Amino acid sequence: MTREEKSQVIQDLTAVLADTNTLYLADISGLNAQTTSNLRRACFKAGVQLSVVKNTLLAKAMEASDKDFGDLPTTLKGNTSMMISEAANAPAKLIKEFRKKSKKPILKGAFAEESVYIGDDQLDALVDIKSKEELIGEIIGLLQSPAKNVISALQSGGQTLSGIIKTLSEKE
């Protein structure tokens with residue numbers, strides 16, 4: 001690879017890093033062709049972009065990026081695959097599910113929700129990250145709960161004030 005080609009790859013990787021808020025680094029080395037194909041298919045279905053990267057070029061792209069990747073570049077040893085997704089927890093869920101059948105991929109590190117996670121032991125923490133849509137759904141559910149209690153109290157209390165008060169007090 002010529003110096004110009006390497007420079008172009010670094011520029012392309014820097015642009016990719018600028019456009020994403022979720023980056024996972026994983027080790028998928030040693031997977032046979034069938035297992036690798038299954039992983040790529042699972043990534044496609046989950047909306048996760050999987051690509052193998054050269055460590056030195058990715059490290060230079062991270063340096064050139066405006067984002068603070070913290071200690072994440074220290075994980076760039078051995079074989080590295082990059083997983084990019086819109087949902088912060090999608091790659092973690094995919095890795096966890098895939099590892100029920102295989103020992104890999106192994107999580108090296110991740111950059112999700114502007115935080116850096118280092119090591120495979122962080123997988124469960126990453127799975128638990130909620131997307132904005134999930135958080136909004138939970139908040140709406142919490143806000144609807146008191147309204148549902150009042151409506152059900154109105155319906156079950158015989159629509160009298162004493163019946164409503166009695167029903168609401170029994171639900172608490």
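Residues numbered from 1 in each chain as written. Predicted model: local features only at pLDDT ≥ 70, side-chain atom pairs only at ≥ 80, totals over all residues. Heavy atoms only, no water.

By the naming in an unreviewed UniProt entry, the chain goes by Large ribosomal subunit protein uL10 and is assigned to Polaribacter dokdonensis DSW-5. Entered under Sequence similarities (unreviewed entry) in the UniProt record, the comment concerning the chain runs "Belongs to the universal ribosomal protein uL10 family." Its UniProt record, at the heading Function (unreviewed entry), says of the chain: "Forms part of the ribosomal stalk, playing a central role in the interaction of the ribosome with GTP-bound translation factors." (UniProt positions renumbered as here; feature names shortened; annotations may be inferred.)

(A) A look at the sheet that holds strand 4 (residues 106-112). The 5 strands are arranged 2-3-1-4-5 in an open sheet whose pairing can be described as antiparallel. Only two strands of the sheet have a single neighbouring strand rather than two, namely strand 2 (49-53) and strand 5 (115-118). In this sheet, adjacent strand axes meet at a mean angle of 20° when their direction is disregarded. In this sheet, strand 5 lies alongside strand 4 in antiparallel orientation, the contact comprising 4 bridges. Within the sheet, the bridge partner assigned to Gly109 lies in strand 5 and is Ile118. Where helix 4 (residues 90-98) meets the sheet, it contacts strand 1 (22-27), strand 3 (80-84) and strand 4, and its direction lies at approximately 25° from that of strand 1. (Pairing = 2+ DSSP bridges. Helix = DSSP H or I, 4+ residues; strand = E, 2+ residues; numbered from the N terminus. Axes fitted to C-alpha atoms, helices over the stretch in contact; angles between N-to-C directions. Contact = heavy atoms within 4.5 Å.)

(B) Focus on the environment of Leu31. Within the fold, Leu31 resides in the loop between strand 1 and helix 2 (33-46). Look at Leu31 and you get buried, because its relative accessible area is 17%. Along the backbone, Leu31 and Lys103 are 72 residues apart, and their C-alpha atoms lie at a distance of 9.1 Å. Aside from chain neighbours lying at most four places away, what touches Leu31 is Thr36, Leu39, Ser102 and Lys104. (Buried < 20%, exposed > 50% of the residue type's maximum accessible area, 1.4 Å probe, protein only.)

(C) Quick peek at the packing of helix 2 against helix 4. Look at helix 2 against helix 4: their axes get within 10 Å of each other, and the N-to-C directions meet at 145°. Handedness of the crossing formed by helix 2 with helix 4: right-handed. Contact residues: Thr35, Asn38, Leu39, Ala42, Cys43 and Ala46 in helix 2; Ala90, Leu94 and Phe98 in helix 4. Taken together, the residues that form the contact of helix 2 with helix 4 break down as 7 nonpolar, 2 polar and no charged. (Left-handed = near helix turned anticlockwise from the far one by under 90°. Nonpolar A, V, L, I, M, F, W, Y, C, P; charged D, E, K, R; others polar.)

(D) Up close: the nonpolar core. Counting 23 residues, the largest nonpolar core has Tyr24, Leu39, Cys43, Met83, Leu107 and Leu126 as its most contacted members. Listed by contribution, the elements that provide at least two residues to this core are strand 1, helix 2, helix 4, strand 4 and helix 5 (123-127). Residue contributions to this core peak at 5 residues, all from helix 4. Sequence-distant contacts of Leu39, defined by excluding residues within four places in its chain, comprise Ile28, Leu31, Leu50, Leu94, Phe98 and Pro105. Ranked by size, the runner-up nonpolar core spans 17 residues in total, among them Leu13, Ala61, Phe69 and Phe111. (Core = buried A, V, L, I, M, F, W, Y, C linked by side-chain atoms within 4.5 Å.)

(E) Local environment of the packing of helix 1 (residues 3-19) against helix 3 (residues 55-64). Orientation of helix 1 relative to helix 3, taken along the N-to-C sense of each, is 55°, at an axis distance of 8 Å. Taken as axis vectors, helix 1 and helix 3 run oblique relative to one another. In this structure, the crossing between helix 1 and helix 3 has a hand that is right-handed. Of the residues in helix 3, those touching helix 1 at Lys6, Val9, Ile10, Leu13, Thr14 and Leu17 are Leu57, Leu58, Lys60, Ala61, Met62 and Ala64. Tallied by class, residues from the contact of helix 1 with helix 3 come to 9 nonpolar, 1 polar and 2 charged. (Parallel < 35°, antiparallel > 145°, perpendicular 65-115°, else oblique.)

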